Amino acid sequence: MGKSFNIGMKSIVLITVGIIALVVAFIFITENQIQVENGDITFDISPPIDNQPTMGEASAPVTIVEFGDYKCPACKSWNETVFPKIEEEYISSGKVKFSYINTLFHGEESALAAMASESVWNQDNDAFWDFHKEIFIHQPEAQRHDDVWVTPEKLIDIAVSVGNEIDLETLAEDMIKQTYKEDVLKDQELVEQYQVSLTPSIVINGTMVEDPFDYEHIVSLIEKELESN
Ligand code: CA
């Protein structure tokens, strides 16, 4: 009797949890209508980019958002291979603006690099993009996921290599005091809202591409957006 009662309770709990999960998913879908096409996911509302590091003309008709992680090897690769092509072809010409949102899939080191980058963004917008690029350059090529390489000292070294727009004392203090912790937590809310499960995740005017390394497909989505805007 006792055993079947337990199983019964477990089933009720599981069913309740299942119903709650469905309701939450339904609310999200109805609020931000997700459509899936060929593996790409389209959201009704593009990820909001206010207070996010953004490059390019504010009036650019297409917005690309990267959900990235400074500790992720695929992000290093994407930022060194795909991004420069987008920058040269579309950002420089004012057709696309580009925002970066922190994703913390590799724990404390991801969070430290994210908070340092937010400090640099708040000090000097242009220096941010140099710092951002340099962090990926400094990511060891053959790292294992558990190899520690993001440290405050390393980030200060990277800031030195970027040049004198970054105040090193401010950066060091911001890392110790976690001045931009709230900004990074806000990024994590977006990570959850947009169901980011891989980094980098690339969103083009609300469409999250299945394969961020498929440059031809990225171009076709940008061109489609340019035609309709
Ligand atoms: Ca941010």
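Going by the structure above, here's the rest.
Residues numbered from 1 in each chain as written. Predicted model: local features only at pLDDT ≥ 70, side-chain atom pairs only at ≥ 80, totals over all residues. Heavy atoms only, no water.

Enquirer: Please provide a residue-by-residue account of the environment of Glu-134, values included.
Expert: For Glu-134, the location among the structural elements is in helix H4 (residues 125-138). Under the relative-accessibility criterion, Glu-134 is labelled partly exposed at 21%. As a C-alpha pair, Glu-134 and Ala-159 span 25 residues in sequence and 8.4 Å in three-dimensional space. Residues in contact with Glu-134, not counting those within four places in the same chain, are Ile-158, Ser-161 and Val-162. (Helix = DSSP H or I, 4+ residues; strand = E, 2+ residues; numbered from the N terminus. Buried < 20%, exposed > 50% of the residue type's maximum accessible area, 1.4 Å probe, protein only. Contact = heavy atoms within 4.5 Å.)

Enquirer: Describe in detail the pattern of salt bridges, supporting the description with residues and values.
Expert: This model, assessed by the stated rule, comprises four salt bridges. Put simply, Lys-76 and Glu-80 hold a salt bridge, and the shortest N to O gap is 3.4 Å. Of this pair, Lys-76 and Glu-80 both sit in helix H2 (residues 73-91), four residues apart, which is roughly one turn of the helix. Among the ionic pairs, Lys-177 bridges to Glu-173, the shortest N-O distance being 3.3 Å. Of this pair, Lys-177 and Glu-173 both sit in helix H6 (residues 168-177), four residues apart, roughly one helical turn. Taking relative accessible area as the criterion, Lys-177 reaches 58% and is therefore assigned exposed. What makes Glu-173 partly exposed here is its relative accessible area of 43%. (Salt bridge = Lys/Arg side-chain N within 4 Å of Asp/Glu carboxyl O.)

Enquirer: Give me the lowdown on the packing of aromatic side chains, citing residues and values where you can.
Expert: All chains considered together, the criterion is met by 10 aromatic pairs. An angle of 50° between the planes, with centres 4.7 Å apart, marks the rings of Phe-83 and Phe-98 as tilted. Of this pair, Phe-83 sits in helix H2 while Phe-98 sits in strand E5 (residues 96-102); the two residues are 15 residues apart in sequence, bridging distant segments of the chain. Seen in terms of ring centroids, Trp-121 and Phe-128 are 5.7 Å apart; in terms of plane orientation they differ by 85°. Their pairing is edge-to-face. Each member of the pair, Trp-121 together with Phe-128, is buried. A connected cluster of aromatic rings, assembled from ring pairs, spans Trp-78, Phe-83, Phe-98, Trp-121, Phe-128 and Trp-129. (Phe/Tyr/Trp six-rings, centres within 6.5 Å; stacked < 30°, edge-to-face > 60°.)

Enquirer: Tell me about the packing of H4 against helix H5 (residues 152-162), and please be specific about residues and values.
Expert: At a minimum axis distance of 9 Å, the contact between H4 and H5 shows a crossing angle of 125°. The orientation of H4 relative to H5 falls into the category oblique. Relative to H5, the crossing made by H4 is right-handed. Across the interface between the two elements, Ala-127, Asp-130, Phe-131, Glu-134, Ile-135 and His-138 of H4 pack against Lys-154, Leu-155, Ile-158, Ala-159, Ser-161 and Val-162 of H5. A class-by-class count of the residues in the contact of H4 with H5 yields seven nonpolar, two polar and three charged. (Axes fitted to C-alpha atoms, helices over the stretch in contact; angles between N-to-C directions. Parallel < 35°, antiparallel > 145°, perpendicular 65-115°, else oblique. Left-handed = near helix turned anticlockwise from the far one by under 90°. Nonpolar A, V, L, I, M, F, W, Y, C, P; charged D, E, K, R; others polar.)

Enquirer: With reference to specific residues and values, describe the environment of Asp-174.
Expert: In this structure, Asp-174 sits in helix H6. Owing to a relative accessible area of 8%, Asp-174 belongs among the buried residues under this scheme. Counting along the chain gives 50 residues from Asp-174 to Lys-224, while the straight-line C-alpha distance between them is 41 Å. The contact partners of Asp-174, leaving out residues within four places of it in the chain, are Ser-119, Thr-179 and Tyr-180.

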